[in-house]
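# Chains, contacts and geometry: an overview
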Amino acid sequence: MVDQARAVVIGGGIVGTSVAYHLTQLGWRDVVLLEQGSLSGGTTWHAAGLVGQLRSSSNLTRLIRYSVDLYSRLEAETGQSTGWKRCGSVSVARTVERMVQLKRNAAVAMAYDIEAHVIDVDEAARHYPAMRTEDLVGAVWIPGDGKANPADITQALARGARAGGARLLEGVAVTGVNIVRGAVAGVQTSNGPIATEIVVNCAGMWAREFGRLSGVTIPLHACEHMYIVTQPIAGIAPDLPVLRDPDGHIYVKEEVGGLLMGGFDPWAKPWGTERIPDGFSFQTLKEDWGKFEILMTNALERLPALETAEVRTFLNGPESFTPDNYFIMGEAPEVRRYYVGAGFCSGGIAAAGGAGRALAEWIVGDRPPMDLWPADIRRFAPLHGNRRFLRERVSEIVGVHYNIAFPNRELQSGRGLRRSPLHDRLRQRRASFGAKMGWERANWFAPEGVEPEPVYSFGRQNWFPYAAAEHRAVREAVAIFDQTSFSKLLLQGPDAEAVLQQLCANDVAVPPGRIVYTGMLNDRGGYESDLTVTRLREDAYLIVTGSAQSTRDLDWIRRQTPAGARVTLTDVTGAHAVLGLMGPRSRELLARVTDADLANAAFPFATSCEIPVGRAVARASRITYVGELGWELYVPVEQAAGVYDDLWQAGAALGLRDGGYYAIDSLRMEKAYRAWGRELTPDDTPWEAGLGFAVRLDKPGGFLGREALLQQRDQRSTKRLVTFVLEEAQAMPWGDEPILRDGRVVGTVTSAAFGHTLGRAVAMGYVRDEAGVDDRYVSAGAFALDVGGERVAARASLAAPYDPRAARVKS
Ligand SMILES: Cc1cc2nc3c(=O)[nH]c(=O)nc-3n(C[C@H](O)[C@H](O)[C@H](O)COP(=O)(O)OP(=O)(O)OC[C@H]3O[C@@H](n4cnc5c(N)ncnc54)[C@H](O)[C@@H]3O)c2cc1C
C-alpha cells in the first residue's frame, strides 16, 4: 500500500483505467488507481462492446474517434488484445421521419469528417443479409464503426498505465476524501490513508453516493440494461456489421458466431436507488423476460434466424444514466481538484478512450482541453442530485437513446422542479412549457381550441403559427415574456469592480445604473460566459446570464477571484422574477403603470434603475434579447404576479401578447444575437464571433484573455461567425447542419430558427478556411446548408440579417 500519490483514481472500470493510462502518457508516474473489487468488475465487464462514433457535439465525436484510434493500436503497444474490430454499422429506418433523422445524422457525420452513406434498402440488405427488410424505408452505413471487448480494453489500459508507472491496486475501497479549505488533501481507504491533492471519481454507478460524502453533486442513477446472446447461427460471421434498429429499440452484433441482441427499453427499470449491495462485483441482475419482451418482439421481426436460435445467455446488468443522457466529467464546482468521470449512459466503452484522455489533460492542464460543455459536470445544479428526481428521469432517459431526435423534444419525467411565480397564470393562458435547468419555461402559447402540447416533426411544428404571432407582436406592438429563469448573481464588496474588471473583456467601471454587455474569457480568449453586468452601486453588481449557466458561472467567478479579494458572490436567481416587456409599444405600456420618465433622454438604452410598476417597485433595465425597444423588469418574486396582472390590465388594448422562448429564439436569430453554448463557447473568441465591439483592449489593468486576443488580432482570421438566410421559404434547419461554400463543407450551424419577419429560416455558424475568412470571402462564395440531405442555398453575411431600425433585409 502507498501513502502518497500525485493523483488517486477511484474505480478500475474502463473509465478509471483510461484516466490512469492517459495521466501516465502525459508524464505523471505517481498515479494510484484503487478498485474495491477487481478491474472491470463493475459495469464494464458485461458491456456489449459496440463502438459507434457519431455524437451530437463535434468535440464529443472527437473523443470517440480518438477511442477508435486508441483501441486499434493498444494491442501493439501493450501486448494485450482489445478485441477491436472495424466491422462498420448499419442503422435502419422503419419510418419516413426516422429516415429524415438518419439523413441528418449522415450530414452531421460529413461535417465531423466521419464517412457515412445514406443507402437504400437493397444495399442495407447486402450489408446485413440476415435482416428482414420489407418494412424498411432506408438506412445509413458507417464503415468506420466497430466493436471491441470491454474487459480486454480495460486490461490493456491497465497494462499501459502500469508500464507508465501507475500503481493499480485491487481489493482496496476508498471510504472518503479528505478536504482541507475546499480542496482535496487525501483519501481514506480500507487499507489506510493516502495523501494526494487530486482525486478522480470514476466510480461508475457508485459515483453519486461517493460524491455525496464530499458534498459533490453527481446526478446519475443506475438502470437495468439487458441483452441476450445466442449459440452460433449458420452464416453469422465475425465481420458482420453492428445493426441498429432504433424504431424497434434494438441493437445487434455478432458474438462468437451467434448474435448478441439488446436495446433501450422506452421505459427502463431504475435499480439501486437506496444503495448498491456490498460486494457487487462481476455480478448481474435477475433475468426479466417481461421487460425484455418489447426488444425480443422487435428483434424477431428484424432477424428471422432468432426464431430458432438457442439463447446461450440472458444478461441483465446495471449501468448509470444521467438526467440528460450525456456523461459527466470535469472538476466538481464544490471541491477544488476533485474530478469526476462517470455516468456514461451506456456509451462508456465507446467514450472511455477519449474521455479518459480529455480528463487527464484537464487534470494536468488545470482546465478543460476543449469545449466539453455537453458533458461538463457544471451543467447541473444541486437540485439534480435529488434521488426521486433521478429515479423518475432515468427511467425515461434510457429509451431516449433510440427516440427520434426531433428538434425541441422535451422530456416528460422529472418535470416541474422549478416554477416561476407566474407559472399558474401562464398555464391558464395556455402556455406550452419546456424545461431548462429544472425551470419550467413557456415555449409558446396555444390559442383557445388548440392543445398546448407540441407535435414534433423535422418540418414546421404545430406551434409555428402561434410563435409567429408572438414574434410579430414584438416587432409591431408589445409582448411580455417570463424570463425568471435567467441566472442572477450578486457580486458585492469594495473589490467588486476590480474583480469584475479582470474577468470581463468589456469595461465595467461604469457609473451605477449602467448595463454592460460583455464576455468573460479564458486565457485562450474563448468565452467562459456571455452576460450583462449591471452596476447597482459603487460596490455592487448584478450579473445576469443564461438559465443553464448558474453553476458554471458561479464556479468560474469564484475560481478566478483572487484570494483575499473583498467580495461576496451570491446566487439570487430565485429571489427575482424577470418580466421582459418588448416591442415598439413597450414604452407606451410601461408608462401606463409607472410615473417614471421613460423618454429616451431620461432612460437611455443600457441603463437600469428602480421604478414603481403598478403597486410594486421593480428594477427596470432597458435591454432586450430581441433587438427591439424594451425593458427587463426584475421584480421580487412575491410581487411578480401582481405586476404581471397590472401590465396585462394596462396593455390589452395596446395589442399585448404573452410570448414564449420559441419567439425569442426567432427574434434573436434575425438580429444575430449570439447565445452562449452555441455561438459562444470556450473555443470561440470575440474576434471570431464578431463581438469585438464588446472588448476594451485598452482598459487599465487589462483582463483575463487579453494577451490571447492581442495575438489573434494580428493574425489572419481563419474562422468567423457567419449569418445565413435560406433561399427556400419551406426549408427548416434546426442546428448542426453542415455549411457548404462552393460545394465544400466549411462549418456547421450553431443555431437556426425561422425568422418570421424575414419569411425565411435564419441560421448562424462558424465558417473555417485556412486561407482566411473575411467579408470578401463571404460575399464571393456560393453558400448552402445541408438540411436533412437537401442542399438549400443561403445568403451569407457577417452582419445581422435584420436591422429593426432600418426595417430592411440586409443580406
Ligand atoms: C448490458 C450493458 C451493455 C452495454 N453495452 C455497451 C456498448 O455496447 N457500448 C458502450 O459504449 N457501452 C456499453 N455499456 C456501458 C458501459 O458498460 C459503461 O458505460 C462503462 O462500462 C462504464 O465504465 P465505468 O468505468 O464508468 O464504470 P464501472 O465499470 O462500473 O467501473 C467503476 C468501478 O469503480 C469501482 N468503485 C466504486 N466505488 C469505489 C470505491 N469507493 N473505491 C474503489 N473502487 C470503487 C467499482 O467497483 C467499479 O469497478 C453497456 C452497459 C451495460 C450494462
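Scroll up for the structure.
The notes below deal with the structure included here. (Residues numbered from 1 in each chain as written. Predicted model: local features only at pLDDT ≥ 70, side-chain atom pairs only at ≥ 80, totals over all residues. Heavy atoms only, no water.)

## Some thoughts on the environment of Thr43
Following the sequence through the fold, Thr43 ends up in the loop between strand E2 (31-35) and strand E3 (50-51). A C-alpha to C-alpha distance of 7.0 Å links Thr43 and Gly317, two positions 274 residues apart in sequence. Those residues within four positions of Thr43 in sequence are excluded, and the remaining contacts are Met205, Pro318 and Glu319. Only 2.9 Å separates the side chain of Thr43 from the backbone oxygen of Pro318, close enough to count as a polar contact. (Helix = DSSP H or I, 4+ residues; strand = E, 2+ residues; numbered from the N terminus. Contact = heavy atoms within 4.5 Å. Polar contact = N/O pair within 3.5 Å; in protein donor to acceptor, adjacent residues only side chain to side chain.)

## Here we look at the site of the ligand
As a structural note, the neighbourhood of the ligand is formed by 38 residues, with Glu35, Thr44, Leu50, Glu319 and Ala350 the closest of them. Between the ligand and Glu35, the relevant distance is 2.7 Å, taken from an oxygen atom to a side-chain nitrogen or oxygen of the residue. Between the ligand and the protein, one listed contact pairs an oxygen atom with a backbone N or O atom of Leu50 at 2.8 Å. In the complex, 97% of the free accessible area of the ligand, which totals 1,000 Å², lies under the protein chains. Counting residues per element, the ones that place at least two in the shell around the ligand are helix H1 (14-25), E2, strand E13 (221-230), strand E18 (311-321) and helix H8 (348-365). Among the elements that make up the shell around the ligand, the one with the highest residue count is E18 (four residues). (Near = heavy atom within 4 Å. Areas by Shrake-Rupley, 256 points an atom, 1.4 Å probe, with all protein chains shown as cover.)

## Description of the pairing of strand E23 (residues 478-482)
Counting buried positions along E23 gives five out of five residues, so the element sits mostly inside the fold. Burial along E23 is two-sided: Val478, Ile480 and Asp482 facing one way and Ala479 and Phe481 facing the other are all buried. The sheet contact formed by E23 and strand E33 (residues 656-659) spans four bridges and is parallel. Considered in E33, the bridge of Phe481 is made with Gly659. Bridge count between E23 and strand E29 (residues 576-582): four bridges; the pairing is antiparallel. The residue bridging Asp482 from the neighbouring strand is Leu579, located in E29. (Buried < 20%, exposed > 50% of the residue type's maximum accessible area, 1.4 Å probe, protein only. Pairing = 2+ DSSP bridges.)

## Re the nonpolar core
Buried together is how nonpolar side chains tend to be arranged in soluble globular proteins. With 50 residues, the main nonpolar core has Val9, Leu23, Val200, Phe327, Met329 and Ile363 as its most contacted residues. Residue assignment for this core shows that the elements contributing at least two residues are strand E1 (7-10), H1, E2, helix H2 (58-78), helix H5 (150-163) and H8. By residue number, the principal contributor to this core is H8, which donates 10 residues. In contact with Ile363, not counting residues within four places along its chain, are Val19, Leu23, Trp28, Ile198, Val200, Arg337 and Tyr339. If you look at the next biggest cluster of nonpolar residues, it comprises 33 residues, including Leu422, Ala431, Ile611 and Leu647. (Core = buried A, V, L, I, M, F, W, Y, C linked by side-chain atoms within 4.5 Å.)

## Some thoughts on the sheet that holds strand E20 (residues 338-342)
Consider a sheet: its strands pair through backbone hydrogen bonds, and that pairing is either parallel or antiparallel. Strand order in the open sheet formed by six strands is E8-E2-E1-E12-E20-E19, and the pairing between neighbours is mixed. In this open sheet, the two strands that pair with only one neighbour each are strand E8 (167-170) and strand E19 (328-331). Between one strand axis and the next, the sheet turns by 20° as a mean value, whatever way the strands run. As paired elements, E19 and E20 share four bridges and run antiparallel to each other. Note that in E20 the partner of Gly330 across the bridge is Val340. (Axes fitted to C-alpha atoms, helices over the stretch in contact; angles between N-to-C directions.)

## Points about the packing of H2 against H5
Direction vectors running N to C along H2 and H5 enclose 55°, while the axes themselves pass 10 Å from each other. The pairing of H2 with H5 is recorded here as oblique in orientation. With respect to the hand of their crossing, H2 and H5 are arranged in left-handed fashion. Each of Leu70, Tyr71, Leu74 and Thr78 in H2 lies in contact with H5, whose residues at this interface are Ile153, Ala156, Leu157, Arg159 and Gly160. The residue makeup of the contact of H2 with H5, split by class, is six nonpolar, two polar and one charged. (Parallel < 35°, antiparallel > 145°, perpendicular 65-115°, else oblique. Left-handed = near helix turned anticlockwise from the far one by under 90°. Nonpolar A, V, L, I, M, F, W, Y, C, P; charged D, E, K, R; others polar.)

## A closer look at helix H16 (residues 661-670)
The element H16 is largely enclosed, with a buried count of nine among its 10 residues. Those residues of H16 not exposed but buried are Tyr661, Tyr662, Ala663, Ile664, Ser666, Leu667, Arg668, Met669 and Glu670. If you follow the buried residues of H16, they end up packed against strand E22 (439-445), helix H11 (464-476), E23, strand E36 (744-755), strand E37 (760-768) and strand E40 (802-803).

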